[in-house]
Amino acid sequence: MATHPYAAVVVDLAVPKSLDYAIPPDTQAEIGMRVKVPLRGRMVHGTILEFKEKPEVKNTSSIDTLLPESIPVDLLKLGLWISNYYCSPFFKVIKQLMPPSVRQGMTEKQQLFVKPLLSRPELAKLCLTKPAAQRDIIDALLQAPKGLLLTELLEKTGATKSPVTTLAKQNIVSLAPLTIDRNPLDEHDFFPTKTKILNHEQQTAYDQILSSIDSKTFQTHLLFGVTGSGKTEVYLQAIEQTLSQGRTALFLVPEIALTSQTTERLRSRFQEKVAILHHRLSAGQRRDSWHKIRSGEISLVVGPRSALFSPLQNLGLIVVDEEHDTAYKQTDEMPCYQARDVAVMRGKLCNATVILGSATPSLESYTNALAGKYHLNPLMERADNASLPSVEIVNMKLEYGKAQGFTLFSEKLLDGIKSRIASGEQTLLFLNRRGFNTSSSCEACGEAVTCPHCSITLTYHKGDNLLSCHLCGHETRPLTECPSCKAHDSFKFKGAGTEHVERALHAIFPDIRTLRLDADTTKHKGSHDKMFKQFRAGKADVLIGTQMIAKGLHFPSVTLVGILNPDLSLHIPDFRAAEHVFQLITQVAGRSGRSQLRGEVILQTTLPSHPVFLKAAALDYPAFYTEEIEARRSFQFPPFCHLVKLIFSGEDPTATEKHAQTLRSSLIQKLPSTYEINPVIPCGYAKIKNQFRFQFLIKGASTRPITDLLKTVPSPSSIKLLIDVDPLSTYF
């Protein structure tokens, strides 16, 4: 409750700092409370950041309205840390802390409910004397004595609202508003499961985690377990212990595609309400879930990175599954936060236990564990006596020779698919490219078909017969005349995507049953869920997909995984390229042989002796880490330094580049000489949505001196500056 006369308020507008307002007398203002305040002749929403004895300006306006919503104090502190560390204005951070529907004051959904006030015999008697329309209403209520929603009643009877209103005036029925719970989980069935017996490695890891939970002290655990080692069971038992103490838990997954599978496991184990939060929910669903969490009605939340800001009270445990995943990093808007690192900070602020889980930890997390900053809990054996899959590298150069040209599939892979179909087992094929062909170019002049708005080639989607840009969504029909040389019907398509793989499989095996999981086939709500259930139920022999299928999914009947053309990702000029390729291959390989059936992985590459592929084939993360960390040390890349990437975008390429050069020159003069400031270069995607993009990197021991300077930098309104602290990619 406020004991001070003034409050600093952060408004939901692009105002760089908080504004001071007088607190109306006899009001119960609190830190984190949402308010309405006057600004420039209109009312705007804002959040109370702190209380003050004196305002910074004279003639201070008063807060107009105190709103019922509020941000918990620990989340507000976290938001201030994010704003400071990731160099982002606090009004942008507020957008992460509260869903738009909550910030804008959306109310609960209500519908009118009609309920009979008389006994069934009395209602039946009335039917004899009432007009036809009222008689139909009474008849419907006799069949539903507990009542019906007005919309359902009118739909059943074909009546208007008028006869219902008349019956309500006569005290025959009641017509009152009923709150409707917009719960996205109501439609999901689940079957109760029991706690499993842990093996020796799982038990050792769980005991260490349990010690942190019971002592209610902050500690971060890295659960480093090979794919299929039973990390999820350790998570579940840790959550169970946390909830038994009356505390709450948060479970983060990298992709929305994994949310439903994880939610199903959580509900099956605990048989209690679990909230799910992600951006694909409707505004009403997010609003209702947020309020249930804030009120304490919900004690367990699952979702991707945005769920990190759930307003859980008395938070005791945060689980970050697949902690290495790039989806935890926000890159398209500020704040460019890393959810894994922010989760650790939230755990520190709440004295909560944090579990980071992965079979292929990020080099930063593994380094922290080896240094003792995190507690390392290794799980090196698969659970339930399952064995790790065998991985075979196939040299595709030899396969191209056999086929006398390009081929998608090696003989080894085709034989493997054929034998799995015969035995009733399943295959998973991974290719990190969607569409049918990845590019098209004129054979006469060599000119590629590019997006008019972005600096990339268009991808051909055969099913829709469209050329599509995967950055801005621009679409066009395939060209018949080259715009450059005017040659007719000279375009040749190159490169294969998942759609091509699916069609090629059907050409080889006409009766094969396939499912394709990529951004093209999962546009509609619930499509991920539907496909996973179909595949798990054995309704397809092969699942073809992009990186969506690499993350934590459990399909007991999959005994063969084919990895197609992983070479391209190695050629990206980024110091993390090798790490990302190793992680992706290991994760995809881990989908094979997860039950009693022996698993096999076939890795097709034109670089069979590349160290990354050899170590991935051996499923040897420690060996990969040892080699990769030395390379990072030699070139002083993270985790041995910090990076800040500045991205400038604008419609005028000359003005945008000039502004970037000016700022770089200013930073060279102001930053200590120990900081390395790279030259200004075009981004990997040099143009997106008609915005030309330039960037430069700053490397140093700490981000603080860099961000302190950047907070004072003015930028022209025509040029957007995106500040990415600890960027995942130095290229794109």
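The structure under discussion appears in the preceding block.
Here is what the cut-offs are and how they apply
- Residues numbered from 1 in each chain as written.
- Predicted model: local features only at pLDDT ≥ 70, side-chain atom pairs only at ≥ 80, totals over all residues.
- Heavy atoms only, no water.
- Salt bridge = Lys/Arg side-chain N within 4 Å of Asp/Glu carboxyl O.
- Helix = DSSP H or I, 4+ residues; strand = E, 2+ residues; numbered from the N terminus.
- Buried < 20%, exposed > 50% of the residue type's maximum accessible area, 1.4 Å probe, protein only.
- Pairing = 2+ DSSP bridges.
- Axes fitted to C-alpha atoms, helices over the stretch in contact; angles between N-to-C directions.
- Contact = heavy atoms within 4.5 Å.

**Q** Could you give me a rundown of the pattern of salt bridges, with the residues and numbers involved?
**A** Enumeration according to the criterion identifies 28 salt bridges in this entry. With its nearest N and O atoms 3.6 Å apart, the salt bridge here joins Glu323 to Arg340. Of this pair, Glu323 sits in the loop between β13 (315–321) and α12 (339–350) while Arg340 sits in helix α12, and the two are 17 residues apart along the sequence. In this structure, Glu323 and Arg340 share a single accessibility class: buried. Where Glu630 meets Arg633, a salt bridge forms, and the shortest distance between an N and an O atom there is 3.3 Å. Residue Glu630 and its partner Arg633 are both found in helix α21 (residues 621–635); the two are separated by 3 residues, about one turn of the helix. Within the structure, one salt-bridge network assembled from shared partners comprises Glu392, Lys412, Arg420, Glu425 and Glu600.

**Q** Go over the environment of Ile213 with me, naming the residues and quoting the values.
**A** Structurally, Ile213 can be placed in helix α8 (residues 200–215). Spatially, the C-alpha atoms of Ile213 and Ala238 are 7.9 Å apart, while their sequence positions differ by 25 residues.

**Q** Would you mind going over the sheet that holds strand β2 (residues 19–22) in detail, with residue names and values included?
**A** One key point about sheets: their strands pair by backbone hydrogen bonds, in either a parallel or an antiparallel sense. Strand order in the open sheet formed by 5 strands is β2-β1-β4-β3-β5, with antiparallel pairing between adjacent strands. Since the sheet does not close on itself, it has two edges, and those belong to β2 and β5 (65–70), each with one partner. Strand after strand, the sheet turns through a mean of 45 degrees between neighbouring axes, direction not considered. Examined bridge by bridge, strand β1 (residues 6–11) and strand β4 (residues 42–52) share 6 bridges and lie antiparallel to one another. Bridging from a neighbouring strand, Ala8 pairs with Glu50 of β4.

**Q** Summarise the sheet that holds strand β11 (residues 275–276); cite the residues concerned and give the values.
**A** Strand order in the open sheet formed by 7 strands is β11-β12-β10-β13-β14-β9-β15, and the pairing between neighbours is parallel. Two strands lie at the open edges of the sheet, namely β11 and β15 (375–379), each paired on one side alone. Sheet topology note: the β11/strand β12 (residues 300–303) ladder contains 2 bridges and is parallel. Looking at β12, one finds that Ala275 is bridged to Val301. Helix α10 (residues 256–270) contacts β10 (248–252), β11 and β12 of the sheet and is inclined by roughly 160 degrees relative to β12.

**Q** Give me unusual backbone geometry: which residues, what numbers.
**A** Here the residue pair Met334 and Pro335 is connected by a cis peptide bond, since its omega of 0 degrees sits within 30 degrees of zero. Relative to the elements of secondary structure, Pro335 occurs in the loop between β13 and α12. With an omega dihedral of 15 degrees, the bond running from Pro638 to Pro639 counts as a cis peptide bond. Residues other than glycine seldom take positive phi values, yet Glu322 does so here, at roughly 50 degrees. Given a relative accessible area of 6%, Glu322 falls into the buried group.

**Q** Quick one: what's the story with the pairing of strand β9 (residues 219–225), residue by residue and with numbers?
**A** Burial analysis of β9 places 6 of its 7 residues in the buried class, the great majority of the element. Two elements, β9 and β15, share 5 bridges in a ladder whose sense is parallel. When the bridges of β15 are listed, His221 appears paired with His375.

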